[in-house]
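Single-letter residue listing:
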Amino acid sequence: MIKVEHLAKRYADVYAVNDISFEVHQGEIVGLLGPNGAGKTTTMRILTCYMPATSGSANVAGYDVFRESINVRKQIGYLPENVPLYPEMRVREYLLFRAKLKKLPSRERKSKIDECIEKCSITEVQNQIIGTLSKGYRQRVGLADTLVHDPKILILDEPTIGLDPNQIRQVRQLIKELGAKHTILLSTHILPEVEMLCERVIIINKGKIVAMDTPTNLAIQLRAGNNLVLEVRGNGEKIKNALTNIKSVKKVVWQDKGEISNFTVEAEKGADVREDVFSNIVKNNGIIREMKQASITLEEIFHQITMREQEVTT
Amino acid sequence: MTSTGTIFQRELNAYFLSPIAYVVIAVFMVFSGYFFSVMLGLTQETTLRYSLAYTQFILSILTPVITMRLMAEENKTGTIEPLMTAPVTDFEVVFGKFLAAWALYNVMIAPTTFYIAFLAWVGNPDYGAIIASYIGLILMGGLFVSIGLLVSAVTKNQIVAAVIGIVALLILLVIGLASAGNEGWLYSTLKYIGTYDHWETFTKGIVDTRDVVYYVSFTALLLFIVVRIVESRRWR
Ligand SMILES: Nc1ncnc2c1ncn2[C@@H]1O[C@H](COP(=O)(O)OP(=O)(O)OP(=O)(O)O)[C@@H](O)[C@H]1O
Ligand SMILES: [Mg+2]
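Along every chain, residues carry numbers that run from 1 in the direction the sequence is written. Think of it this way: whatever chain is written first is A, whatever ligand is written first is 1, and the rest follow in order. The predicted origin of the model limits local features to residues at a pLDDT of at least 70 and limits the giving and counting of side-chain atom pairs to 80 or more, whereas totals for whole chains, interfaces and linings rest on all residues. Each side-chain value is worked out from all heavy atoms of the structure, with water and hydrogens disregarded.

**What to know about a nonpolar patch on the surface**
Residues and elements named next belong to chain B. Taken together, the side chains of Phe114, Phe118, Trp121 and Val122 define a hydrophobic patch exposed on the protein surface, amounting to about 480 Å² of accessible area. Each helix corresponds to a stretch of at least 4 residues labelled H or I by DSSP, and each strand to a stretch of at least 2 residues labelled E; elements are numbered beginning at the N terminus. Structurally, Phe118 is set in helix H7 (residues 113-122). Residue burial is assigned from relative accessible area. The probe radius is 1.4 Å, only protein chains are included, and a residue is buried under 20% of its type maximum, exposed over 50%, and partly exposed in between. The exposure class assigned to Phe118 is partly exposed, which follows from its relative accessible area of 30%. Patch definition: residues above 30% relative accessible area lacking any salt bridge, with like charges linked at up to 9 Å and the nonpolar side chains Val, Leu, Ile, Met, Phe, Trp and Tyr linked at up to 5 Å. Residue exposure ignores everything except the shown protein chains as possible cover, and the areas themselves are Shrake-Rupley values with a 1.4 Å probe. Any Lys or Arg side-chain nitrogen found within 4 Å of a carboxyl oxygen on Asp or Glu counts as a salt bridge.

Structure (structure tokens):
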């Protein structure tokens, strides 16, 4: 449904998005995950034809975003970041305006708007002026707008940002329900959201894709690339060198706290280095106070992946 | 073009949901009424010619107030994003907004037709000149609105849009006035660019194609530029 190839977007002299490629298949809910400034909004703006890419191509529902932009726009429901709405309009009036703008045939408008209002639970505010709505309701009006022309694809930019925990739960539930009928690409920097909603995650950082998989696979992948966390008493320098020399240890991070050192030992995928680590430390007269295998939540994956990128680039 | 109608309707509603429409209509009525009574008293002629000559000044100030929000507000609040990601063309949006502001302009000047009734009651006005004046006034409105819309499209700040718009329209008025009665290629160019000379012809009761062409083509050119500016977010 969405196919992005070598997409790049440059602002003045910085790349907001740099050579990203991915696909979203029909019926999937895919999360675009990344820290602030990663390029999530930029990617979505390109996909929704708000602005063109500097290079690369994007195809949405079989249409090219640049050459067939009107057709693309008919197929997507887009919820921009912060949900801009006209404050002076009433909810229902706004949805009617949007339905007309999206070329919904006039005989279908009323029933479709009723349906969206019902689905997004905004029945009680449908005649209220948008400027007086709470953030949670605004968000839902925005969602109702994305649905009003029954698009195949929903593109939601941080759909739960700024909501209270209760509202977050409700909006997530709604998105989950929508996933049954629509293909969804959503962006967020909240991990539990992705774990809860998405079948696939695309992690981007500084305009580049750093990982792309199912939430579970990502966790397995990273766990397979074993991380051991150690607390050792002894000569940190010597021990670090010994650990680094172990075959299939990729990286050792040493935090020197004087007498006691903390190590994070990263081994190659699938390799079990626990025994080697133990014997090497003992050989160097170290005393192991703690050794544990780091089990990784998506939160940490995210942190790690984005951190790793920074280490590489800085 | 169907979306033009949708945009037009929303914009016009927005005007009457905010104080802007009522304020500009009220201010215009006060000033035009004042000019009308003063000019009628001074000249004792049953014509709108002199009072309308002064209204160009007040229209130069009020039209940018009408147009200031058209694009600037969308740019500022970000509503431009859902708007432009709906299946509408940039031209449909720009033209719908233009028509809405132009419609409000015409609503604003409509109460002056009451003065015609008054003139008919006290004397024998030249209806041809009056009709021509209104054609001129409406065409001039299209030009003023497109200038205001252009300014509104390049900023996020409505006040800035209004101020620049007013300055631009006053410059157009002044270069027309200053070159009136002067000879030479420079003056005649300025006279052509300025709005005053063209409009004066209308108030004399003459609908000259050259003046119509001036207003219509200038307006069309400006709208074309506005569409380009709206498109320019694509390569900025
Ligand atoms: N109009 C613009 N002009 C210049 N730079 C921009 C513009 N818009 C975005 N950028 C830059 O592009 C980069 C990516 O921005 P983008 O908004 O796509 O990030 P994001 O992932 O959506 O972040 P957030 O989580 O904060 O919403 C940022 O470094 C940002 O400063
Ligand atoms: Mg963003």
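**Looking at the coordination of the magnesium ion (ligand 2)**
Residues and elements named next belong to chain A. Taken together, Thr41 (OG1), Glu81 (OE) and Glu81 (OE) make up the protein donors of the magnesium ion (ligand 2), found 1.8 to 2.7 Å from the metal. Linking Thr41 in helix H1 (residues 40-47) with Glu81 in the loop between strand E6 (76-79) and helix H3 (91-101), this pair joins segments that are 40 residues apart in sequence. Exposure remark for Thr41: the relative accessible area of 16% places this residue in the buried category. In this description, a donor is an N, O or S atom within 2.8 Å of the metal centre, a cutoff extended to 3.2 Å for sodium, potassium and calcium. Water is not part of the atom list, which can make sites seem incomplete.

**Looking at helix H3 (residues 49-67) of chain B**
Residues and elements named next belong to chain B. Any helix carries an expected span of 1.5 Å times its number of residues minus one. When the terminal C-alpha atoms of H3 are compared, their 26 Å separation across 19 residues agrees well with the 27 Å that a helix rising 1.5 Å per residue should span. Here the bend at a residue is taken as the angle between two axes, fitted respectively to the seven residues that end there and the seven that start there. Most pronounced at Ile58, the bend in H3 amounts to some 35°. Inspection of H3 places Ser51, Leu52, Thr55, Gln56, Ile58, Leu59, Ser60, Leu62, Thr63, Pro64, Ile66 and Thr67 among the buried residues, and these make up the whole buried set.

**Overview of the domain arrangement of chain A**
As used throughout, domain bounds are those supplied by an automatic or database domain assignment. One can read the domain layout of chain A as domain 1 (2-220) and domain 2 (226-293). Averaged C-alpha coordinates put domain 1 of chain A and domain 2 of chain A at centres separated by 45 Å.

**Topic: the pairing of strand E9 (residues 200-205) of chain A**
Residue and element names in this part refer to chain A. Taken across its 6 residues, E9 has 6 buried, putting it largely inside the fold. As paired strands, E9 and strand E10 (residues 208-213) are joined by 5 bridges and run antiparallel to one another. Bridge pairing in E10 links Ile202 to Met212. A pair of strands is treated as paired once DSSP finds two or more bridges between them. The turn linking E9 back onto E10 is made up of 2 residues, and Lys206 within it adopts a positive phi angle of 50°.

**Quick look at the site of ligand 1**
Residues and elements named next belong to chain A. By convention in these notes, a residue is near a molecule or strand provided one of its non-hydrogen atoms lies within 4 Å of it. In the vicinity of ligand 1, 13 residues are found, and the nearest of them are Gly37, Lys40, Thr41, Thr42 and Glu81. In the model, a nitrogen atom of ligand 1 is placed 3.4 Å from a nitrogen or oxygen of the Tyr11 side chain. Within the side chain of Thr42, a nitrogen or oxygen atom sits 2.5 Å from an oxygen atom of ligand 1. Across the complex, the protein chains shield 61% of the 640 Å² of accessible surface that ligand 1 would expose by itself. Per element, the largest residue contribution to the shell around ligand 1 is 3 residues, and it comes from H1. Any residue outside Ala, Val, Leu, Ile, Met, Phe, Trp, Tyr, Cys, Pro, Asp, Glu, Lys and Arg is labelled polar, Gly included; the first ten of those are nonpolar and the last four are charged. Residues of the shell around ligand 1, tallied by class, amount to 4 nonpolar, 6 polar and 3 charged. Polar contact is defined as a pair of N or O atoms within 3.5 Å, subject to the rule that within protein one atom must be able to donate a hydrogen and the other to accept it, and that residues adjacent in sequence are counted only when both atoms are side-chain atoms.

**Observations regarding the interface of chain B and chain A**
Many analyses report the size of an interface as the accessible area lost when the parts associate. Contact definition: two residues touch when any of their heavy atoms are within 4.5 Å. In this complex, chain B contributes 26 residues to the contact, which on the side of chain A involves 25 residues. Of the roughly 2,500 Å² buried at the junction of chain B and chain A (both faces included), carbon and sulfur atoms supply 58%. Where chain B packs against chain A, one counts 2 salt bridges. The residue B:Arg10 makes a salt bridge to A:Glu88 at a minimum N-O spacing of 2.9 Å. The interface formed by chain B and chain A contains 11 residue pairs in polar contact (both at pLDDT 80 or more). At the level of elements, helix H1 (2-17), helix H4 (69-77) and helix H5 (80-84) of chain B are the ones that each hand at least two residues to the side of chain B that touches chain A. Class assignment for the residues of the side of chain B that touches chain A results in 10 nonpolar, 10 polar and 6 charged. The quantity reported as buried area is the accessible area (1.4 Å probe) lost by two parts once they are put together, taken as the sum for both.

**Some details on the side chain of B:Thr55**
Residues and elements named next belong to chain B. Summarising the element assignment, Thr55 is placed in helix H3. Note on Thr55: relative accessible area 3%, which makes it buried. Every residue in contact with Thr55, bar those within four places of it in the chain, is listed here: Phe28, Ser32, Phe35 and Trp199.

**Considering the packing of aromatic side chains**
Residues and elements named next belong to chain B. For Phe, Tyr and Trp, rings pair up if their centres lie within 6.5 Å, where Trp contributes its six-membered ring, and each pair is then called stacked (planes under 30 degrees apart), edge-to-face (over 60) or tilted (otherwise). Tallied over the entire structure, the rule returns 16 aromatic pairs over all chains. Ring geometry for Phe36 against Tyr115: centres 4.4 Å apart, planes inclined by 10°, an arrangement best described as stacked. Remark: Tyr115 occurs in helix H7 and Phe36 occurs in helix H2 (residues 20-43); sequence separation between them is 79 residues. Its relative accessible area of 7% is what places Phe36 among the buried residues. We classify Tyr115 as buried; its relative accessible area is 13%.

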